[in-house]
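Each chain is listed here by its residues.
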Protein chains: 2
Amino acid sequence: MKTITMATVAQHAQVSKSTVSHFLNGRYSHMSDETKKRVEKSIKELDYRPNILARSLKQKTTTTIGVIVANSLHTFSAQVIRSIEDICNKADFHLIVCNADNDSIKEQKYIDMLRAKQVDGMIILPTGHNEAIYNDMVDSNYPVVFVDRTLPNVAIPSVMVNNEMASRLAVQHFIDSGYRKISIITNEIDAIAPRIERIVGYKKTLDSNGLKIEEDYIKALEIQHVQQGVKELLELEEPPQAILAGNDLTLIEILKYLKSQNLKIPKDMAVIGIDDVSFASFFEPALTIVEQPAFDIGKKAAELLMGKIQKEGQVGQSKMYLFEPELVIRNSC
Amino acid sequence: MKTITMATVAQHAQVSKSTVSHFLNGRYSHMSDETKKRVEKSIKELDYRPNILARSLKQKTTTTIGVIVANSLHTFSAQVIRSIEDICNKADFHLIVCNADNDSIKEQKYIDMLRAKQVDGMIILPTGHNEAIYNDMVDSNYPVVFVDRTLPNVAIPSVMVNNEMASRLAVQHFIDSGYRKISIITNEIDAIAPRIERIVGYKKTLDSNGLKIEEDYIKALEIQHVQQGVKELLELEEPPQAILAGNDLTLIEILKYLKSQNLKIPKDMAVIGIDDVSFASFFEPALTIVEQPAFDIGKKAAELLMGKIQKEGQVGQSKMYLFEPELVIRNSC
DNA sequence: CTGAAAGCGCTTACAG
DNA sequence: CTGAAAGCGCTTACAG
C-alpha cells in the first residue's frame, strides 16, 4: 500500500505541493475557490493525512512535551500529570510520560532521548542528581519547569507546595489539640527532597511553641521500613502520642502497623497525614490531612512551560511558585 | 546559537555525513580506527545530539507509541500505563499518554493526531463509539491493541480480565457465606463496558445457585449517584444484605454512605469490591476484594503491541487475552 | 492566484 | 574504507 503524501494529493488535484500545503494551513486568502474545492476533494478522496513529523522537522516544533516523574503511580504525580495533560490538550500538545524511579541514570537517559526527539519542553520532578544536565538545558535555553522540588544551583523555575508550612500546619494542630510528644516519619529519598523542608517546618513549630526537639522522634525511612519505624517509636521509653506522616504512602504503612497492633486512633496514637488519600473521609476515624493542591500545581507548571515555549516575553522569571497546603481537620487528631 | 547537525560534525571531523551516520549507528565494521576516533572526538567536542525526528522521517518509525485511556487517575489505568511504560522503556520506546474521558470525539481526535505524529502503534481502552476509525486502523494494518474491552465487530486483539468470573467469584462467596439477598452496583458508562459482563456473571451465579434475580438489586449508576443508589437499596421493602461494588470508585462511594448512616460492615451490610484499593487490608473491617491483575494486563498489551510493531511473524492472532481475577477474602464478607 | 526550488537533518544504496 | 547523491514529506520565501 503506497503512502499518500502531499505530492499524491497535488498530482490528483492538478496543483502544486505548495498549494496543498497552503490549503492545509488555512492560508487560502489568495486561493481561487475552485482550486480550494479541488484540493479539498482530493484530500477527501485519497483519505490523505499529513505527516506531522515532516512538518516538525521543518518547523522545529513538535507540539509534544516530556514529563518525567519518579513514579506515575503516586497520587501526587498522577494528579499533576493529569492536569498537565488537560492544559496541553487545549493547545493541541501531547505528553510523553516517563518514570525515572528516583534513578538519576534513568532520568538522564530520558532527558537525552526526549531532547533528541525534539520535544518542545519538559516538566520534571527532578531526582536532583543531574545538575550538569539541568544546567545544560538552561544554557541551551531549553524550556523546562520543575515540580515538587527546587535546586539551589539551577536556574529553572519550580512549582511546589510550601512544605514547611505543610508540616507547620500539622504540628501546630497537634499542639493545639494538647499533644506534646510528636513524631514525624518521612520517606528517605535524598538530600534535596521536600522531606527536608517538612522536617524543618516540624522542628521550627516545636521550637516556636517552646517544645524540645527529640531526635528519636524524627525518622526518614524507605517505605518498606516504615512499619518497623513505628514499632521502634512505640518501644521508646517515652513513646510519642502523635505521628505526622510525611506523605500518603508513609501514612498507609503507619495505619497498617497501628491496626496490626490493635492500637486505636487517636486514643493510643494521634495521626495526621500530608497528601490526600482516597479513604480519608470515611476511614474510622476519619483522617485529618494536610492537602497539597496537586492539580493547581500541575496546571501552573503546564502554563509556565507553555509560556516559555511560546516565548511570552519572558514571563515568569521567578524561581519559585509556592502553593499553600490546606489542613482538613477530621477525627484522627 | 547555531544548531549542530551531522553536517557540522562531518565538516569538523573532515569526513562525510555518511561516515558520521555510520558511526552513530554502530556500523564501524569497515571504518578505519583513525576515522572512528576523529568522528568520536568531534561529536564530543561539539556536544552533538542527533535529531531523531529526521531519522524517524527517513526510517518511518518513531519508537513512540500512543496510549489512550479514559482517565489516567483511575487506579486500573494508572497501573496499566505504568507497566506498559516499563516494557516500552526496555525497548527504548516512549509513551504518549492521552485521556479520552469516555468522550468519543476526544478519542477520535487523539487517534488522528497520534497517527499524524506517526506513532508506531497504540494501546487503547476504547470508548467503543468509533468503530469506523478502529476498523480503518485495522485496514491500514496499523498496530493497535485494546485493553479492558473488546468490540465484536473490530478485529483488534483485547487484553482484559475475565469480568464474568470476577463477579462470579464475589457472588459465590456471598452465597457461601450465607447471604441470599445480594445486590450489585456498577458504573454507568455505556453499552459495551465491562459492567455488562459483570452483571451477567452476577445473574448467572445467582441462577446456578437457584436464587431469584431481583431487578431492584441491580444498579448501574454514574459515580455521583452511587450514594443515592445505596440509599434506595436500603429503603426497599426487602433490602439486600450484601453489595458487590463493580469497581474501586463505586466501592468508595458505598463505604462513604454506609459510614454516614453508621451502618456496620458486614453486620448491617456485607461488601465485596472488584478492583483493589490501597486501604483494603487495614480498613475496619478489612475488605474482601476481587483483584484484577492490572500490571499483567498492561504488560501483555505492551508485549503484544511490540510484537505487532516488530512484525514477529504475525504472532498473537487471537482476539482475546483473558486474565483471571483473584478473590482475596478478608472480613467485609 | 499558483508553482519551482531549496531546505529541515537524517539514512542508505551505490560507486569507487 | 569513504563519499556523493537521492530521498523521507513537509514548509516557505520568492518569482511570475
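Structural data are supplied above this passage.
What counts and what doesn't
Residues numbered from 1 in each chain as written. Chains lettered and ligands numbered in written order. Predicted model: local features only at pLDDT ≥ 70, side-chain atom pairs only at ≥ 80, totals over all residues. Near = placed C-beta within 6 Å. Helix = DSSP H or I, 4+ residues; strand = E, 2+ residues; numbered from the N terminus. Nonpolar A, V, L, I, M, F, W, Y, C, P; charged D, E, K, R; others polar. Buried ≥ 20, exposed ≤ 12 C-beta atoms within 10 Å, placed from the backbone. Axes fitted to C-alpha atoms, helices over the stretch in contact; angles between N-to-C directions. Parallel < 35°, antiparallel > 145°, perpendicular 65-115°, else oblique. Left-handed = near helix turned anticlockwise from the far one by under 90°. Contact = placed C-beta atoms within 7 Å.

## Regarding the protein's contact with DNA strand D
- The local shell around DNA strand D holds 27 residues, among which A:Met6, A:Ser21, A:Ala54, B:Ser16 and B:Ser18 are the closest.
- Breaking the surface near DNA strand D down by element, the ones donating at least two residues are helix 2 (17–24) and helix 4 (52–59) of chain A together with helix 2 (17–24) and helix 4 (52–59) of chain B.
- Looking at the surface near DNA strand D residue by residue, the classes come out as 8 nonpolar, 14 polar and 5 charged.

## Some remarks on unusual backbone geometry
- A cis amide bond, omega 0 degrees, links A:Glu284 with the succeeding residue A:Pro285.
- Residues other than glycine seldom take positive phi values, yet B:Asp92 does so here, at roughly 60 degrees.
- Looking at the element boundaries, B:Asp92 is found in the loop between helix 5 (75–90) and strand 2 (94–99).
- Given 9 C-beta atoms within 10 Å, B:Asp92 falls into the exposed group.
- Phi is positive for B:Asn102, close to 55 degrees, though the residue is something other than glycine.
- You can see B:Asn102 is positioned in the loop between strand 2 and helix 6 (104–116).
- Look at B:Asn102 and you get partly exposed, because 16 C-beta atoms sit within 10 Å.

## Let's talk about the packing of helix 10 (residues 226–235) of chain B against helix 11 (residues 248–260) of chain B
All names here are of chain B.
- Where helix 10 meets helix 11, the axes come as close as 8 Å, and the angle between the chain directions of the two elements is 55 degrees. What the angle tells us is that helix 10 and helix 11 run oblique. Regarding helix 10 and helix 11, the two cross each other, and that crossing is right-handed. Residues Val-226, Gln-227, Val-230 and Lys-231 of helix 10 touch helix 11, and the partners they reach there are Thr-250, Glu-253, Ile-254, Lys-256 and Tyr-257.
- Classifying every residue of the contact of helix 10 with helix 11 by side-chain character gives 4 nonpolar, 2 polar and 3 charged.

Read these as geometric descriptors, not functional statements.
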